[in-house]
Amino acid sequence: MSKTIAIVEDERPIAEMIARTLEEHGFRTKSYSSGGAFLATLRQEAPSLCLLDLGLPDGDGMNLLRRIREQADTPVIILSARQHPSDRIVGLELGADDYVIKPFDPREVVARVRSVLRRFEGESSGEAPVAAVARFAGWRFDAGSMTLTSPQGADVELSAAEARLLQAFLEAPQRVLTRDFLLTKAGSEESFDRAIDVRISRLRKKLQADEGKKGLIRTVYGAGYLFASTVEWTPS
Ligand code: CA
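Residues numbered from 1 in each chain as written. Predicted model: local features only at pLDDT ≥ 70, side-chain atom pairs only at ≥ 80, totals over all residues. Heavy atoms only, no water.

### A word on the nonpolar core
Among the nonpolar cores identified, the biggest contains 50 residues, and F136, F141, L166, L207 and F227 are the most heavily contacted of them. The element that contributes the greatest number of residues to this core is helix α6 (residues 160-171), accounting for six residues. Both domains that meet at this core, namely domain 1 (4-125) and domain 2 (132-235), each give it at least three residues. Core analysis: the next-biggest nonpolar cluster, separate from the first, contains 19 residues, I7, A19, L22 and V100 among them. (Core = buried A, V, L, I, M, F, W, Y, C linked by side-chain atoms within 4.5 Å. Buried < 20%, exposed > 50% of the residue type's maximum accessible area, 1.4 Å probe, protein only. Helix = DSSP H or I, 4+ residues; strand = E, 2+ residues; numbered from the N terminus. Domains from an automatic or database assignment.)

### A few points about the pattern of salt bridges
Overall, the coordinates contain 11 salt bridges when judged by the stated rule. Ionic pairing is found between E108 and R112, a salt bridge with its closest N-O pair at 2.6 Å. Residue E108 and its partner R112 are located together in helix α5 (residues 106-125), separated by four residues, close to a single helical turn. Taken together, the shared-partner salt bridges connect E9, E11, D53 and K102 into one network. (Salt bridge = Lys/Arg side-chain N within 4 Å of Asp/Glu carboxyl O.)

### Details of unusual backbone geometry
A cis amide bond, omega -5 degrees, links K102 with the succeeding residue P103. Structurally, the position occupied by P103 is in the loop between β7 (98-101) and α5. Backbone geometry places A137, a non-glycine residue, at a positive phi of 45 degrees. Looking at where A137 falls in the secondary structure, it is placed in the loop between β8 (132-136) and β9 (139-142). One non-glycine residue, Q174, lies in the positive phi region at around 60 degrees. Among the structural elements, Q174 can be located in the loop between α6 and β12 (176-177).

Following this line, the structure appears as structure tokens:
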């Protein structure tokens, strides 16, 4: 059965473009031009995933995101025209699963939808995630066995928390990730900033291929961290 994606977007050409592309890729779509219209239907028929525009006519998208989160655990991908990174950060902290910055290629949206759905279904069914291998800057990370191999072919030992942290970076490369987001992803019980800083510094040391070379995990002051490499995921 095909999955239904809710598109909450007041700009009709954008909504139609996304709907068309998603439908070409086997999804069903439902479009809503206001947050209120979407919330009214959410309880009766929760979609598989919601694409949420932050600039809606009937209120702040962040507020709407909060209200969606109160009512359902539907995964949410933010569509943001705003260039300011803090909006994306706040969105992720409010529980959005991912975000896409406008203007975007609708195929990018399809890829993000698939990736979030995969992650969400893996979590809610309790099944092990599909084993996959990430390659970046000569490194190789096997998400199934949580093993990291250096460009020189050496196995690098990771703790389970470090492996989860690395995986969070590899799933969202070249984007700013907040400490809170990373803490959640690393599955930490210590919910304070320092815990993530310590873990990041350990992970950085392990990822140091060449002395003096700029590291793969960059600090974005006042915002969080960014993984500075492209990542290629393939099934293992
Ligand atoms: Ca809008």
